[in-house]
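Residue-level structural notes
Each chain is listed here by its residues.
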Amino acid sequence: MKQDITPLLIPNSSFSENDEYFEFPILRHSDSLKANAYYFGHPEWSEEYLKYCHRSETFKSRWLAASGDWRDKLVIDIGCGPGNIHATLQGKPKMLIGVDVAPESLRLAGKLGYVPVLADANNLPFKSGIADIVTLNAALHHSENMGSVLKEAARLVKPGGVLVTDHDPQHSAWNYKGLALLLWKARLLYYRLIGHSFHKSSEQQKWALACETHHKPGHGVTRELFESILEPLGFTVKVYPHNHELGEEVLQGQTGPAELKYRLGNLLSGRNPSSASSALSLMCVARKVNFQV
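Anyway, here's the lowdown on the structure attached to this text. As the structure is a prediction and not an experimental result, all values here were calculated from the model. (Residues numbered from 1 in each chain as written. Predicted model: local features only at pLDDT ≥ 70, side-chain atom pairs only at ≥ 80, totals over all residues. Heavy atoms only, no water.)

1. Digging into a nonpolar patch on the surface
Taken together, the side chains of Leu179, Leu182, Leu183, Leu264, Leu267 and Leu268 define a hydrophobic patch exposed on the protein surface, amounting to about 550 Å² of accessible area. Within the residue set of the nonpolar patch, elements represented by two or more residues are α8 (178-194) and α11 (260-268). Within the secondary structure, leucine 264 is located in helix α11. (Patch = residues over 30% accessible without salt bridge, like charges linked within 9 Å, V, L, I, M, F, W, Y side chains within 5 Å. Areas by Shrake-Rupley, 256 points an atom, 1.4 Å probe, with all protein chains shown as cover. Salt bridge = Lys/Arg side-chain N within 4 Å of Asp/Glu carboxyl O. Helix = DSSP H or I, 4+ residues; strand = E, 2+ residues; numbered from the N terminus.)

Below, the structure written as structure tokens:
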């Protein structure tokens, strides 16, 4: 039986309820939203994502260090997909709310202990300042307006609470130039010729690319994005560049090595592939100032 979320909602919020998730009206179905709903709503693809993505011990180590113990906390996981974060971190939060736009992913998340909510991350139905922990893992770059989603997520964090984002591409590392950009485009042409990359079919590859709205050359997140939005809202903001297979050491300033193809991409773009600005992802750990302390 699902937990009751009505005390957490903005008054007069309209929603429907079935046996598997709460559904709130989505006012604008952008291309990004539709692509994510389709890709993560595909049963086989969402199950693959749950099984293979964000399930490593390094991911677990990094996230536990960033978010802290979830025990007895109210946690809101925005862009939860099929539930990868909780499947990996485990723990016993007081309430774990998962927000997504894909019904099939929400069904899987519900089986893992989430209270599943179908809603637009740009327009969430929850009251402000209710959550101890708000998470956005590999979610911002799937959104049409990353700043809008980040600001809405921040609204939910209570004083003393924490907002954690991760696995969004760092703009400076993905801003390929010259030969690197030509090779990137040739890679996409190669995928079209063979029908797919590591995905099993051309259809899966097509929709995977369609939902990666800002995960491409010239796109991505920046330190300035996090600081300019979150600091005026009363957060202390720490941003950690890192490559993917590194754990809690990320929060100690280590970036870890990138795969050869990414090192080559930065080298051909005229950048030092070992610099922090060439690290693939940014993790943001932002804590809402508790003025009562």
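On we go.
2. Some points on the environment of lysine 60
The topology assignment puts lysine 60 in helix α3 (residues 57-67). Assessed through its relative accessible area of 25%, lysine 60 is described here as partly exposed. The sequence separation of lysine 60 and proline 93 amounts to 33 residues, and the corresponding C-alpha distance is 16 Å. Those residues in contact with lysine 60 that lie beyond four places of it in its chain are Thr88 and Leu89. (Buried < 20%, exposed > 50% of the residue type's maximum accessible area, 1.4 Å probe, protein only. Contact = heavy atoms within 4.5 Å.)

3. Describing the packing of helix α6 (residues 146-155) against helix α10 (residues 223-230)
Direction vectors running N to C along α6 and α10 enclose 45 degrees, while the axes themselves pass 10 Å from each other. Regarding the angle of α6 to α10, the classification is oblique. The element α6 and its partner α10 pack so that their crossing is right-handed. Packed against α6, whose contacting residues are Gly147, Leu150, Lys151 and Ala154, the element α10 presents Leu225, Phe226, Ile229 and Leu230 at the interface. Looking at side-chain class alone, the contact of α6 with α10 contains six nonpolar, one polar and one charged residues. (Axes fitted to C-alpha atoms, helices over the stretch in contact; angles between N-to-C directions. Parallel < 35°, antiparallel > 145°, perpendicular 65-115°, else oblique. Left-handed = near helix turned anticlockwise from the far one by under 90°. Nonpolar A, V, L, I, M, F, W, Y, C, P; charged D, E, K, R; others polar.)

4. Looking at the pattern of salt bridges
Going through the model one piece at a time under the given rule, you end up with seven salt bridges. In this structure, aspartate 31 engages lysine 34 in a salt bridge whose closest nitrogen and oxygen atoms are separated by 3.8 Å. Residue aspartate 31 and its partner lysine 34 are both found in helix α1 (residues 31-39); the two are separated by three residues, about one turn of the helix. The class of aspartate 31 is exposed, set by a relative accessible area of 62%. Here lysine 34 falls in the partly exposed class, since its relative accessible area comes to 44%. In this structure, the salt-bridge partner of arginine 107 is glutamate 104, at a minimum N-O distance of 3.3 Å. Of the two residues, arginine 107 and glutamate 104 both sit in helix α5 (residues 103-111), three residues apart, roughly one turn of that helix. Taking the relative accessible area as the measure of exposure, glutamate 104 reaches 17% and is therefore buried.

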